[in-house]
Amino acid sequence: MKKKDVHVPIEEIQRQKDFLNRISAINTQFYLQNERRRTACTRTYGCQQNENDTEKIRGMLEEAGYKFTDDENIADLVIYNTCAVRENAEMKVFGRLGILKHIKEKKPDMLIGLCGCMAQQEHIAEKISKTYSHVDMIFGTHALYKLPEILYSAITDKKRMIDIDVSDGTIAENLPVKRENTSKAWVSIMYGCNNFCSYCIVPYVRGRERSRMPEDIICEINDLVKNGCTEVTLLGQNVNSYGKDLHLDIDFSDLLKMVDQIEGIKRIRFMTSHPKDFGDKLIETMASCSKICRQLHLPFQAGSNKVLKDMNRNYTKEEYLQKIAKVKKAIPDISLSTDIIVGYPTETNEDFEDTIDVVKAVEFDSIFSFIYSRRTGTPAAKLDFVLSEKEIQRNFNRLLDVQNAISKKKNDEYVGKIAEVLVDGVSKNDKDTLSGRTDSAKIVNFKGDLSLAGKYVKVRITDAHTWSLNGELV
Ligand code: SAH
Ligand code: SF4
Ligand code: F3S
């Protein structure tokens, strides 16, 4: 079967770049008249894929002549790249839009854009159109590459722009990208999701699965290396499906091997893997490629087979545990993490015990746990809850207690050992401390000079917390 070409045509990308040039000319005019450059503020909600999208948004805005600020109060342009995965992610954005309304009252020329997964949903776009009239641009995930045209129209026509059209999936290559960190980078290898887990909005807001061509990915990583990057994280909602739509006889393991060959790359990470497609070939590849980090994020969501079936996850608790056992055997010091949903509508207290069971059996280094959030348009949204909110919260708290003890125990095993750390920069909590990550993705804080940022250093681990390690430079 021949692959359908899903790429946005080069001419269309060029047309968008022309809009960037036109905005840039307008912004130069503004600079000459006002003796200051126009500023843009971007905020990102949600997953790494969204972070990567924002890097593209910032790349486009930089080419359009914007300077960046973190302060909405002074920004001429504000863009929120939103997430729809849980209700609280959406509530945060609505809260901020409320604040922006007051800011805009004082600065009527300011432009506000809302994009990403939340904006892609029709009922949300409608609500914003109706009740948040100060938002000038609403565009979904499919329209990301059209930002130049949308922004140009918002600037020149001064009327609201909405683009939440659904393409059945496109790939826009060669967009400008502005990355903050030069030593490590997110690289999207595919977009969309075909899995339709019953609780999840992602397939509806991101469209069908589509893989980038391997040469485009390799080319991007080669360019990153030229700019000083040594660590890449390959991104996709289910990286195990990589290549299935390309009909090129190349799968995710083959891609990893190609990236492993790139000189200058020292660390390769990837996320997310779906347990149903996580197989022996990938385990062998992880064990045999020296640059692939000894780290795996493998979401299991729930321990009960009944709940897994209701969630449409297509694996059982036993199959999951078997796969984990294989990984541990092949890579004994692997660091494991997972995602867990507590309080899926059909989950009983007894079902939840299976989740606790898996957590205790696997001993993850860390977990990302979420209370189930009803998402309009997903099959699970129609279900009634078996448990009360109070019971769900109690189960959630118990899960955290069980895991925190395990995380601390896992981190304690590092004390006294020497770890290689890629230095990110200064620590979030203490400006006099550096922070970086081990191969196994543990955060390590230690004293050192900021000139070490982007370098690999050896650190002796002196003490362990639940979420991080402390150490000293050797
Ligand atoms: N594609 C990835 C992650 C997608 S979203 C994967 O399949 O693992 C990240 C996490 O959010 C999911 O793993 C899940 O644990 C959580 N999540 C998704 N939908 C949710 C919902 N409706 N309520 C609560 N958590 C949810
Ligand atoms: Fe959502 Fe499931 Fe797709 Fe992950 S695999 S994005 S949880 S539908
Ligand atoms: Fe959220 Fe969209 Fe990512 S819904 S988790 S930002 S794919």
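If you're wondering where the values come from, they're calculated on a predicted model, not measured in any experiment.

1. Concerning the site of ligand 3
Then step 1. As a matter of local geometry, ligand 3 sits amid Gly46, Cys47, Asn50, Cys83, Ala84, Val85, Cys117, Arg206 and Gln237.
Then step 2. Its residues placed into classes, the shell around ligand 3 shows 5 nonpolar, 3 polar and 1 charged.

2. Quick look at the side chain of arginine 212
Then step 1. Mapped onto the elements, arginine 212 comes out in the loop between β9 (210–211) and α8 (214–226).
Then step 2. A residue is classified by how much of its surface remains accessible, and arginine 212, at 4% relative accessible area, is buried.
Then step 3. There is a polar contact of 2.9 Å between the side chain of arginine 212 and the backbone oxygen of serine 188.
Then step 4. If sequence neighbours within four positions are ignored, arginine 212 has contacts with Ile171, Glu173, Val187, Ser188, Ile189, Met190, Tyr191, Ile217, Glu220, Tyr242 and Leu246.

3. Observations regarding the packing of helix α3 (residues 87–106) against helix α5 (residues 122–131)
Then step 1. Taken N-terminus to C-terminus, the directions of α3 and α5 make an angle of 15 degrees; their axes are 13 Å apart at the nearest point. Relative to α5, the element α3 lies roughly parallel. Helix-helix and strand crossings are classified by hand; for α3 and α5 the assignment is right-handed. When α3 is examined against α5, the residues Glu90, Phe94 and Leu97 are found in contact with a partner set consisting of Ile124, Lys127 and Ile128.
Then step 2. Here the contact of α3 with α5 is built from residues that sort into 4 nonpolar, no polar and 2 charged.

4. As for the packing of aromatic side chains
To describe a pair of aromatic rings, you give the distance between the ring centres and the angle between the ring planes.
Then step 1. Enumeration according to the criterion identifies 10 aromatic pairs in this entry.
Then step 2. A ring pair is formed by tyrosine 344 and tyrosine 372, whose centres lie 5.6 Å apart and whose planes are at 70 degrees; its orientation type is edge-to-face. A residue pair is termed long-range when its members are at least 10 positions apart, and tyrosine 344 in the loop between β13 (335–342) and α13 (349–362) and tyrosine 372 in the loop between β14 (366–371) and α14 (389–412) qualify at 28 residues. The same class applies to tyrosine 344 and to tyrosine 372, which are both buried.
Then step 3. One aromatic cluster is present, built from ring pairs that chain together Phe300, Tyr315, Tyr320 and Phe364.
Then step 4. The side chain of lysine 127 reaches across the aromatic face of phenylalanine 94, ending 4.1 Å from its centre.

5. Comments concerning the site of ligand 2
Then step 1. All residues in the neighbourhood of ligand 2 are listed as Cys193, Asn195, Phe196, Cys197, Tyr199, Cys200, Val202, Pro203, Gln237, His274 and Arg313.
Then step 2. A class-by-class count of the residues in the shell around ligand 2 yields 7 nonpolar, 3 polar and 1 charged.

6. Quick notes on the nonpolar core
Then step 1. In this structure, Val232, Leu234, Phe252 and Phe270 are the most contacted members of the largest nonpolar core, which totals 67 residues.
Then step 2. Not counting residues within four places of it along the chain, the set of residues in contact with valine 232 comprises Ala185, Val187, Ile221, Leu224, Val259, Ile265, Arg267, Ile268 and Arg269.
Then step 3. Leu144, Tyr152, Ile155 and Ala172 belong to the second-largest nonpolar core, a separate cluster that totals 29 residues.

7. Let's talk about unusual backbone geometry
Then step 1. Put simply, methionine 271 and threonine 272 share a cis peptide bond, and its omega is 5 degrees.
Then step 2. As for its position among the elements, threonine 272 is in the loop between β11 (267–271) and α10 (280–288).
Then step 3. Residues other than glycine seldom take positive phi values, yet glutamine 301 does so here, at roughly 70 degrees.
Then step 4. Within the element layout of this structure, glutamine 301 appears in the loop between β12 (295–297) and α11 (305–310).

8. As for the sheet that holds β12
Then step 1. In spatial order, the strands read β12-β13-β14; together these 3 strands make up an open sheet with parallel pairing. On the outer flanks of this sheet lie β12 and β14, each paired with one strand and no other. The mean angle between the axes of side-by-side strands here comes to 10 degrees, regardless of whether they run parallel or antiparallel.
Then step 2. Pairing geometry for β13 and β14, over 6 bridges, is parallel. Across the sheet, residue valine 342 finds its bridge partner in β14, namely isoleucine 371.
Then step 3. Strands β13 and β14 of the sheet are contacted by α14, whose axis makes an angle of about 175 degrees with β14.

9. Remarks on the environment of phenylalanine 196
Then step 1. Residue position: phenylalanine 196 is located in the loop between β8 (190–191) and α7 (202–206).
Then step 2. Taking relative accessible area as the criterion, phenylalanine 196 reaches 29% and is therefore assigned partly exposed.
Then step 3. In this structure, the C-alpha to C-alpha distance between phenylalanine 196 and alanine 84, residues 112 residues apart in sequence, is 15 Å.
Then step 4. In this structure, phenylalanine 196 is in contact with Pro203, Tyr204, Arg208 and Asn312, ignoring residues within four places of it in sequence.

10. Thoughts on the domain arrangement of the protein
Then step 1. Along its sequence, the protein is organised into domain 1 (10–163), domain 2 (184–412) and domain 3 (418–473).
Then step 2. With centres defined by C-alpha atoms, the gap from domain 2 to domain 3 works out at 25 Å.
Then step 3. On the domain 3 side, the residues contacting the 17 residues of domain 2 number 17 residues.
Then step 4. Buried surface at the junction of domain 2 and domain 3, summed over both partners, amounts to about 1,500 Å²; 45% is from carbon and sulfur atoms.
Then step 5. Our enumeration of links across domain 2 and domain 3 arrives at 3 salt bridges.
Then step 6. Linking domain 2 to domain 3 there are 12 residue pairs in polar contact (both at pLDDT 80 or more).
Then step 7. Mapped onto the side of domain 2 that touches domain 3, the elements with two or more residues apiece are β11 and α14.

11. Thoughts on the pairing of strand β18 (residues 456–464)
In regular strands, side chains alternate between the two faces of the sheet.
Then step 1. Of the strand pairs in this sheet, strand β15 (residues 418–426) and β18 are connected by 5 bridges, and their pairing is antiparallel. Of the residues in β18, the one forming a bridge with isoleucine 418 is arginine 460.
Then step 2. Two strands pair when backbone bridges link them, and β18 and strand β19 (residues 469–473) are joined in this way by 5 bridges, in the antiparallel orientation. In the sheet register, isoleucine 461 faces β19, and the bridge partner there is glycine 471.
Then step 3. Following β18, the chain reverses through 4 residues before pairing antiparallel with β19.

Reading the values: rules and limits
Residues numbered from 1 in each chain as written. Chains lettered and ligands numbered in written order. Predicted model: local features only at pLDDT ≥ 70, side-chain atom pairs only at ≥ 80, totals over all residues. Heavy atoms only, no water. Near = heavy atom within 4 Å. Nonpolar A, V, L, I, M, F, W, Y, C, P; charged D, E, K, R; others polar. Helix = DSSP H or I, 4+ residues; strand = E, 2+ residues; numbered from the N terminus. Buried < 20%, exposed > 50% of the residue type's maximum accessible area, 1.4 Å probe, protein only. Polar contact = N/O pair within 3.5 Å; in protein donor to acceptor, adjacent residues only side chain to side chain. Contact = heavy atoms within 4.5 Å. Axes fitted to C-alpha atoms, helices over the stretch in contact; angles between N-to-C directions. Parallel < 35°, antiparallel > 145°, perpendicular 65-115°, else oblique. Left-handed = near helix turned anticlockwise from the far one by under 90°. Phe/Tyr/Trp six-rings, centres within 6.5 Å; stacked < 30°, edge-to-face > 60°. Lys NZ or Arg CZ within 6 Å of the ring centre and 35° of its normal. Core = buried A, V, L, I, M, F, W, Y, C linked by side-chain atoms within 4.5 Å. Pairing = 2+ DSSP bridges. Domains from an automatic or database assignment. Buried area = accessible area lost by both parts, 1.4 Å probe. Salt bridge = Lys/Arg side-chain N within 4 Å of Asp/Glu carboxyl O.

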